[in-house]
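Here is how the chains run, residue by residue.
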Amino acid sequence: MSKSLIQFIIEEQRHIPNASGDFTGLLSDIISACKQIAHDVNKGALIGVLGSAGSENIQGETQKKLDIITNEVFIKANEWSGHLAAMASEEMDDIYEIPKQYPRGKYLITFDPLDGSSNIDVNISVGTIFSILRCPEGVTNPTAADFMQPGTKQVCAGYALYGPNTMMVITTGHGVNGFTLDRDVGDFFLTHPDMQIPVDTQEFAINMSNRRYWEEPVQRYIEECVKGKDGGREKNFNMRWVASMVAEIHRILTRGGIFLYPFDNKEAGKAGKLRLMYEANPMSFIVEQAGGVCSTGRERIMELQPTGLHQRVPVIMGSKNEVERVVGYHKGA
Ligand SMILES: O=P(O)(O)OC[C@H]1O[C@](O)(COP(=O)(O)O)[C@@H](O)[C@@H]1O
Ligand SMILES: [Mg+2]
Ligand SMILES: [Mg+2]
C-alpha cells in the first residue's frame with residue numbers, strides 16, 4: 001500500500017527544523033472535513049442534501065443546501081483543535097473567530113467549502129478548495145485585515161475533488177502530490193506523486209457564452225484556438241468546460257490545458273467571477289508548483305495585494321506556453 005496522506009505530510013515536516021506538529025494537526029483536521037464532505041456529496045438525495053437552501057451569500061449567489069452543510073462541516077472539523085486563529089469562507093460574510101472555549105493557533109485558513117455548486121444537483125464533480133496562511137506574529141484576535149496577505153505568503157494550498165473517485169491534491173511549496181481516498185480503509189493514499197503540467201497543450205477551457213463581454217486580447221486568443229490551423233495557429237485545439245474550477249484544474253494538472261475565467265464587462269465593477277482568497281490564490285500556488293503559470297492577464301495572481309475577503313479577479317492559468325501567449329496579447333504582442 002502506498003503512503004497515506006498524513007504519513008506523507010509527517011515525513012515532509014521532518015525536513016522543517018523545529019516543526020511543532022501544528023501544521024500536521026491542521027492538515028489532519030482538513031482531511032477529516034473533506035472525508036465527511038465526500039460522504040455527504042456521495043449520498044446526495046439519499047440524505048436529502050440536494051437542492052437550494054433558499055438563502056444568498058454575500059456575493060448575491062443563491063446558496064445550495066450543500067454550500068451551507070459543507071461550510072458547517074469544515075468549521076466544526078477545524079475550530080476545536082488549537083491550530084487556527086480564524087477562518088474565512090466563501091459562504092460567510094466576515095471572518096469566523098475561533099470560539100472562546102477553544103485554544104487559538106498560529107494559522108489562518110480561507111476556504112471554498114463546495115466549489116462547482118451549480119453542478120451538485122446534476123451529479124457532476126465538485127470540490128473543496130483551501131489556502132493556509134500564518135496569523136501575523138502576536139495577533140490573538142485576528143481581523144479580516146490579517147488575512148490580506150498575497151498568495152506568495154501561502155504555507156499550503158489544496159483541494160479535494162469529489163468525482164468518480166475522491167482525491168486530495170496538496171502543495172506546501174515542495175511540488176504537488178495527489179492522493180486517492182480508499183473508502184474501505186477510510187484514508188487517502190499517494191497515487192499521483194510529483195504532478196507536472198506539460199508546458200504545451202491543445203485544450204482550452206472557458207465559458208464561451210461570455211465571449212461578447214471579454215476584452216480584445218482574450219477574444220483574439222480564443223478565436224485563434226477555435227480556428228486552430230485554419231487560423232494561423234500551428235495546431236488545432238479541443239475545448240472543455242465542466243463549470244467546476246476544481247475539476248478543470250485537476251484535468252490540467254493531469255494532462256495539461258489552459259483555464260480562463262477572464263475579466264469581462266458583463267457586470268460593471270466586477271473584475272471577474274472567481275475569488276482571489278479561496279479560489280485563485282490556492283489554485284495558483286498548486287499550478288505554479290506543478291510548472292504552470294497563473295495570471296490575471298496583466299499580473300501574476302499570487303503577487304496581488306488582497307483588498308477584500310471576497311474580491312474577484314480575472315483568472316488565466318495552466319500550461320506555461322499558452323498562458324504566456326495570452327499574457328503577451330495583453331501586452332500588445
Ligand atoms: O457558471 P459559470 O459561469 O460557468 O462558472 C463556473 C465557475 O463558477 C464556479 O462554480 C464558482 O465557484 P462556486 O461554485 O464555489 O461558487 C467555479 O467552480 C466554476 O469554474
Ligand atoms: Mg468556487
Ligand atoms: Mg463554493
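What you are looking at is a predicted structure, and each value in this text was computed from that prediction instead of being measured.

Regarding the confidence of the model for the protein
Counting all residues, the mean pLDDT for the protein is 96, and 100% of those residues have values of 70 or more. Both scores are given for the predicted complex: the pTM is 0.98, the ipTM 0.98.

Looking at the sheet that holds strand 6 (residues 126-134)
Strand pairing in a sheet takes place through backbone hydrogen bonds and is either antiparallel or parallel in direction. The eight strands are arranged 4-3-5-6-7-8-9-10 in an open sheet whose pairing can be described as mixed. Each edge of the sheet is formed by a strand with only one pairing partner; in this case those strands are strand 4 (96-97) and strand 10 (187-192). Judged from the five bridges that link them, strand 9 (residues 176-182) and strand 10 form a sheet pairing that is antiparallel. Note that in strand 10 the partner of D182 across the bridge is D187. Along the sheet face, helix 3 (residues 65-78) touches strand 3 (84-89), strand 4, strand 5 (107-115) and strand 6 and points at about 150° away from the line of strand 5. Contacts between helix 6 (residues 276-289) and the sheet are confined to strand 3, strand 5, strand 6, strand 7 (156-162), strand 8 (166-171) and strand 9, with strand 6 contributing the most and set at about 85° to the helix.

Overview of the coordination of the magnesium ion (ligand 3)
Every protein donor of the magnesium ion (ligand 3) is accounted for by E90 (OE), D112 (OD) and L114 (O), and the metal-donor separations fall at 2.0 to 2.2 Å. Spacing between the donor residues of the magnesium ion (ligand 3) along the chain follows E-x21-D-x1-L. A distance of 3.7 Å spans the gap from the magnesium ion (ligand 3) to the magnesium ion (ligand 2), which D112 bridges by coordinating each metal. Note that E90 is positioned in the loop between strand 3 and strand 4 and D112 in strand 5, a separation of 22 residues in sequence. Comparing E90 with D112 shows no difference in burial state: the two are buried.

So, the packing of aromatic side chains
Counted by the stated rule, this structure contains six aromatic pairs. On the numbers, 4.2 Å between centres and 20° between planes, the contact of F74 with F111 is stacked. Of the two residues, F74 sits in helix 3 while F111 sits in strand 5, which places them 37 residues apart along the sequence. Given a relative accessible area of 0%, F74 falls into the buried group. A connected cluster of aromatic rings, assembled from ring pairs, spans W241, F259 and Y261. Looking at R220, its charged tip hangs above the ring of Y329, at a distance of 3.6 Å from the centre.

Let's talk about the coordination of the magnesium ion (ligand 2)
Looking at the magnesium ion (ligand 2), one finds its protein donor set to be D112 (OD), D115 (OD) and E279 (OE), positioned 1.9 to 2.1 Å from the metal centre. All donor residues of the magnesium ion (ligand 2) come from one chain, and their arrangement in sequence is D-x2-D-x163-E.

Some words on the side chain of D67
Inspection of the secondary structure puts D67 in helix 3. We note that D67 is buried and unpaired, the nearest opposite charge coming from K64 at a distance of 7.3 Å. The residues contacting D67, other than those within four sequence positions of it, are T62, E91, P113, L114 and S117.

Points about the site of ligand 1
Around ligand 1 lies a shell of 18 residues, among which D115, G116, S117, M245 and Y261 are the nearest. Between ligand 1 and D112 there is a distance of 2.9 Å, counted from an oxygen atom to a side-chain nitrogen or oxygen. Contact between ligand 1 and N207: an oxygen atom at 3.1 Å from a side-chain N or O atom of the residue. Starting from 470 Å² of accessible surface for ligand 1 in isolation, the protein chains cover 88%. Contributing elements (two or more residues each) for the shell around ligand 1: strand 5 and strand 13 (258-261).

Focus on unusual backbone geometry
The phi angle at N123 is positive, at roughly 60°, despite the residue not being glycine. Looking at the element boundaries, N123 is found in the loop between strand 5 and strand 6. Assessed through its relative accessible area of 73%, N123 is described here as exposed. One non-glycine residue, A243, adopts positive backbone phi at about 70°.

Looking at the sheet that holds strand 13
One open sheet holds the five strands; their spatial order is 12-11-13-15-14, and the pairing between them is mixed. Of all the strands in the sheet, the pair left with one neighbour each is strand 12 (238-239) and strand 14 (293-295). In the sheet, strand 13 pairs with strand 15 (residues 315-318) via four bridges, with the strands oriented antiparallel. Note on strand 15: the bridge partner recorded for L260 is I316. Lying on the sheet, helix 6 is in contact with strand 14 and strand 15; it crosses strand 15 at an angle near 25°.

Remarks on the UniProt feature "binding site: substrate" (unreviewed entry) in the protein
The UniProt entry lists D115, G116, S117, S118, N207 and K273 under the feature "binding site: substrate" (unreviewed entry), expressed in the numbering used here. Sequence-distant contacts of G116, that is, excluding residues within four places in its chain, are made with V126, A243 and S244. Within the element layout of this structure, K273 appears in the loop between strand 13 and helix 6. Setting aside its immediate chain neighbours within four residues, K273 contacts E61, Y261, R312 and V313.

With respect to the UniProt feature "binding site: Mg(2+) 2" (unreviewed entry) in the protein
Mapped onto this numbering, the UniProt entry gives "binding site: Mg(2+) 2" (unreviewed entry) at D112, D115 and E279. The largest pairwise C-alpha distance within this set of annotated residues, which runs over 168 residues, is 8.6 Å, so the set is compact in three dimensions. The exposure class of D112 is buried, given its relative accessible area of 0%. Setting aside its immediate chain neighbours within four residues, D112 contacts E90, G127, T128, I129, Y278 and E279. Structurally, D115 is set in strand 5. On the accessibility criterion, D115 (4% relative accessible area) is buried.

Each value, and the rule that gives it
Residues numbered from 1 in each chain as written. Chains lettered and ligands numbered in written order. Predicted model: local features only at pLDDT ≥ 70, side-chain atom pairs only at ≥ 80, totals over all residues. Heavy atoms only, no water. pLDDT = per-residue confidence, 0-100. Pairing = 2+ DSSP bridges. Helix = DSSP H or I, 4+ residues; strand = E, 2+ residues; numbered from the N terminus. Contact = heavy atoms within 4.5 Å. Axes fitted to C-alpha atoms, helices over the stretch in contact; angles between N-to-C directions. Donors = N, O, S within 2.8 Å, 3.2 Å for Na, K, Ca; no water. Buried < 20%, exposed > 50% of the residue type's maximum accessible area, 1.4 Å probe, protein only. Phe/Tyr/Trp six-rings, centres within 6.5 Å; stacked < 30°, edge-to-face > 60°. Lys NZ or Arg CZ within 6 Å of the ring centre and 35° of its normal. Lys, Arg positive; Asp, Glu negative; His and termini not counted. Salt bridge = Lys/Arg side-chain N within 4 Å of Asp/Glu carboxyl O. Near = heavy atom within 4 Å. Polar contact = N/O pair within 3.5 Å; in protein donor to acceptor, adjacent residues only side chain to side chain. Areas by Shrake-Rupley, 256 points an atom, 1.4 Å probe, with all protein chains shown as cover. UniProt positions renumbered as here; feature names shortened; annotations may be inferred.

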